[in-house]
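One letter stands for each residue in the lines below.
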Amino acid sequence: MDLTYTEEEEAFRARLRDWLELSLPRLPAKPDPLDWPGRRAYDTAWQRMLHDAGYADVHWDASPTQRLIFLEETENAGAPYVGANFVGLLHAGPTIAAEGTAGQRERWLPPVLRGDEIWCQGFSEPGAGSDLASLRTRAVRDGDAYIVTGSKIWTSHAEVADWCELLVRTDPDAPKHRGITWLALPMDADGVTVRPLRTLAGTAEFAEMFLDEVRVPVANRVGEENDGWRVTMVTLSFERGTAFVGEVVACRRTLGEVAAAARANGTWDDPVLRRRLGRLHAEFSALWRLTQWNVSEAQSTGGVPGIGGSVFKLHYSHARQELYDTAAEVLGPGAFDLDREWTADRLSSLSYTIAAGTSQIQRNIVAERILGLPKGR
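Since the structure is predicted, the reported quantities are computational estimates derived from the model, not experimental observations.

Rules and cut-offs
- Residues numbered from 1 in each chain as written.
- Predicted model: local features only at pLDDT ≥ 70, side-chain atom pairs only at ≥ 80, totals over all residues.
- Heavy atoms only, no water.
- Helix = DSSP H or I, 4+ residues; strand = E, 2+ residues; numbered from the N terminus.
- Contact = heavy atoms within 4.5 Å.
- Phe/Tyr/Trp six-rings, centres within 6.5 Å; stacked < 30°, edge-to-face > 60°.
- Buried < 20%, exposed > 50% of the residue type's maximum accessible area, 1.4 Å probe, protein only.
- Lys NZ or Arg CZ within 6 Å of the ring centre and 35° of its normal.
- Expected span 1.5 Å × (residues − 1).
- Bend = angle between axes of the 7 residues up to and from the residue.
- Core = buried A, V, L, I, M, F, W, Y, C linked by side-chain atoms within 4.5 Å.
- Salt bridge = Lys/Arg side-chain N within 4 Å of Asp/Glu carboxyl O.
- Pairing = 2+ DSSP bridges.
- Axes fitted to C-alpha atoms, helices over the stretch in contact; angles between N-to-C directions.
- Parallel < 35°, antiparallel > 145°, perpendicular 65-115°, else oblique.
- Left-handed = near helix turned anticlockwise from the far one by under 90°.
- Nonpolar A, V, L, I, M, F, W, Y, C, P; charged D, E, K, R; others polar.

A.B. asks: Can you walk me through the environment of Gly 100 in this structure?
C.D. replies: Along the chain, Gly 100 turns up in the loop between α4 (86-99) and α5 (102-114). Separated by 121 residues in the primary sequence, Gly 100 and Arg 221 place their C-alpha atoms 8.6 Å from one another. In contact with Gly 100, other than residues within four places in its own chain, are Thr 95, Arg 105 and Val 222.

And the structure:
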């Protein structure tokens, strides 16, 4: 498989670098991490800058390789992360682009690309996290609407979102994977209650969401009724396949900074630490190559990442945790300073073996769908 870049792709990289060099100095100061309305305004302003420069549609209309180049270059340049735009740009948007009708794409995709609307993800429930197909939130058809009742948890960015990609059960008598439907829920609908959840790092990018007989138009259904599990697999393939690309670049940069800090404070003299840093360098280099492979595969299969994303997600989650454990070792007592970026990132890394499908779930996917092993009973 060819993992090199064409002349056209390298020209795209050069144009993007020039634009980033001119544009990044014009950005305002970053808001307080605890100020989510401020973070929403900052993130959507950056998205509008990308839109006006012609880069907003890179997540959907560009080739997977151009998307990879975009994420690599913006991260290397220190550009803002997608932030509050995460679900819309990297999950719901690509899913609607792949599975939605022409009218749905026209309604929902342009506002995401312009930074006008924010999406959240309403998948997990208190009793349906790793076993997502066990979800119980009900949707009963009533004419041209569904009446939705239930609750969600770990709903990303719900407190600042306009829309939610929502999974509901529309046929309680069907096998659990076959009675699910994917809906777009307007967050200002009557009966929607959001309660932010505070993380270890003190931020509140997640929330509980309670749905009390909320009316959702049937026109907001993406895919067919009871076909939501298949649509969800498209969403999760993006979540596990390409959504973490920028973070791999960030981890490679952080690894270099950790090595520099170790040389500066004398911990570099520990041969065990040096071996850990060397192994992490090899692991993140391999993860980058795996990312290129996954993107190349997606390019040859219509743009949707394949199940190789589960291999990436599984290994990346653990490598990221080890990276920040190593950073804590280098920092020593400074690792308890919550104002240090590495400390906050270490706390955040603890969630990576759970978020976007636990490591146990990823191992099941690899075992069953790649290795062909029989399903457990």
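A.B. asks: Can you help me understand the packing of aromatic side chains in this one?
C.D. replies: Each aromatic ring pair is characterised by the separation of its centres together with the angle its planes make. The final tally for this structure, using the stated rule, is nine aromatic pairs. With a centroid separation of 5.9 Å and an interplanar angle of 90°, the aromatic rings of Trp 108 and Trp 119 are classed as edge-to-face. Taken together, the residues Trp 108 in helix α5 and Trp 119 in strand β1 (residues 119-122) connect sequence positions eleven residues apart. For Trp 119, a relative accessible area of 1% translates into the label buried. Through successive ring pairs, a cluster of aromatic residues spans Phe 12, Trp 19, Trp 46, Tyr 55 and Phe 70. Seen from the ring of Tyr 146, Arg 141 lies directly overhead, with NZ or CZ sitting 5.7 Å from the centre. The cationic tip of Arg 263 hangs over the ring face of Trp 268; the distance from NZ or CZ to the ring centre is 4.1 Å.

A.B. asks: Any chance you could explain α4 here in plain terms?
C.D. replies: Taking 1.5 Å per residue, 14 residues should reach 20 Å; α4 reaches 19 Å between its end C-alpha atoms and fits that length. At Ala 92, α4 shows its strongest bend, of approximately 40°, with the proline Pro 94 following within four residues. Of all 14 residues making up α4, eleven are buried, and the element is well covered by its neighbours. Taken as a whole, α4 has its buried residues at Phe 86, Val 87, Gly 88, Leu 89, Leu 90, His 91, Ala 92, Gly 93, Pro 94, Thr 95 and Ile 96.

A.B. asks: Please clarify how helix α3 (residues 64-76) should be interpreted in this entry.
C.D. replies: At 3.6 residues per turn, the α-helix brings residues three or four places apart onto the same side. Between its first and last C-alpha, α3 extends 18 Å over 13 residues, near the 18 Å set by a 1.5 Å rise per residue. The buried count for α3 comes to twelve of 13 residues, which makes it a mostly enclosed element. All of the buried residues in α3 are Pro 64, Thr 65, Gln 66, Arg 67, Leu 68, Ile 69, Phe 70, Leu 71, Glu 72, Glu 73, Thr 74 and Glu 75. Once α3 ends, the next one or two residues include Gly 78, with phi positive near 75°.

A.B. asks: What should I look at first to understand the nonpolar core in this one?
C.D. replies: Soluble globular proteins tend to bury their nonpolar side chains together. Of all hydrophobic cores here, the largest spans 43 residues; its most connected members are Trp 19, Trp 46, Phe 70 and Phe 284. For this core, the secondary structure elements donating two or more residues are α1 (7-23), α2 (36-53), α3, α7 (245-265), α8 (271-300) and α9 (308-331). Of all the elements, α9 adds the most residues to this core, at nine residues. Judged by nonpolar contacts, the second largest core, of 27 residues, contains Ala 56, Phe 123, Leu 132 and Trp 182.

A.B. asks: Would you mind showing me how to read the pattern of salt bridges here?
C.D. replies: Inspection of the entire model under this criterion finds 19 salt bridges. The shortest N-O distance in the salt bridge between Glu 72 and Arg 13 comes to 3.1 Å. Residue Glu 72 is located in helix α3, and its partner Arg 13 is located in helix α1; the two are separated by 59 residues in the primary sequence. Exposure class is identical for Glu 72 and Arg 13. Each is buried. Across the pair Asp 116 and Arg 114 runs a salt bridge whose closest N-O atoms are separated by 2.6 Å. What you see here is one network of salt bridges that share partners, running through Glu 10, Arg 13, Arg 17, Glu 72 and Glu 73.

A.B. asks: Sorry, what's going on with the pairing of strand β2 (residues 138-142) here?
C.D. replies: The side chains of a regular strand alternate, first on one face of the sheet and then on the other. Here five bridges tie β2 to strand β3 (residues 145-152), and the two strands are oriented antiparallel to one another. Each residue of the ladder has a partner; that of Arg 138, found in β3, is Thr 149. Hairpin connection of β2 to β3: two residues between the antiparallel strands, including Gly 143 at a positive phi of 65°.

A.B. asks: I keep staring at the packing of α4 against α5 and nothing clicks. Help me out?
C.D. replies: Two quantities define a packed helix pair, namely the angle between the helix axes and the distance between the axes. Two elements in contact, α4 and α5, have axes separated by 10 Å at closest approach and are oriented at 160°. One finds that α4 runs roughly antiparallel with respect to α5. Between α4 and α5 the crossing geometry is left-handed. For the pair formed by α4 and α5, the contact residues are Gly 88, Leu 89, Gly 93, Ile 96 and Ala 97 on the first element and Gln 104, Arg 105, Trp 108, Leu 109, Val 112 and Leu 113 on the second. The residue makeup of the contact of α4 with α5, split by class, is seven nonpolar, three polar and one charged.

A.B. asks: So what exactly am I meant to see when it comes to unusual backbone geometry here?
C.D. replies: Despite not being glycine, His 157 shows a phi value in the positive range, around 65°. Relative to the elements of secondary structure, His 157 occurs in the loop between β3 and β4 (163-169). His 157 sits in the buried class, given a relative accessible area of 9%. Phi angles above zero are rare outside glycine, and Glu 213 is one such case at about 50°.

A.B. asks: I keep staring at the packing of α1 against α3 and nothing clicks. Help me out?
C.D. replies: Packing of α1 against α3 leaves a shortest axis separation of 10 Å and a crossing angle of 30°. Regarding the angle of α1 to α3, the classification is roughly parallel. The handedness of the crossing between α1 and α3 comes out as right-handed. Residues Glu 9, Phe 12, Arg 13, Leu 16, Arg 17 and Leu 20 of α1 pack against Thr 65, Gln 66, Ile 69, Phe 70, Glu 72, Glu 73 and Thr 74 of α3. Along the lines of polarity and charge, the residues of the contact of α1 with α3 split into five nonpolar, three polar and five charged.

That is the geometry; function is a separate question.
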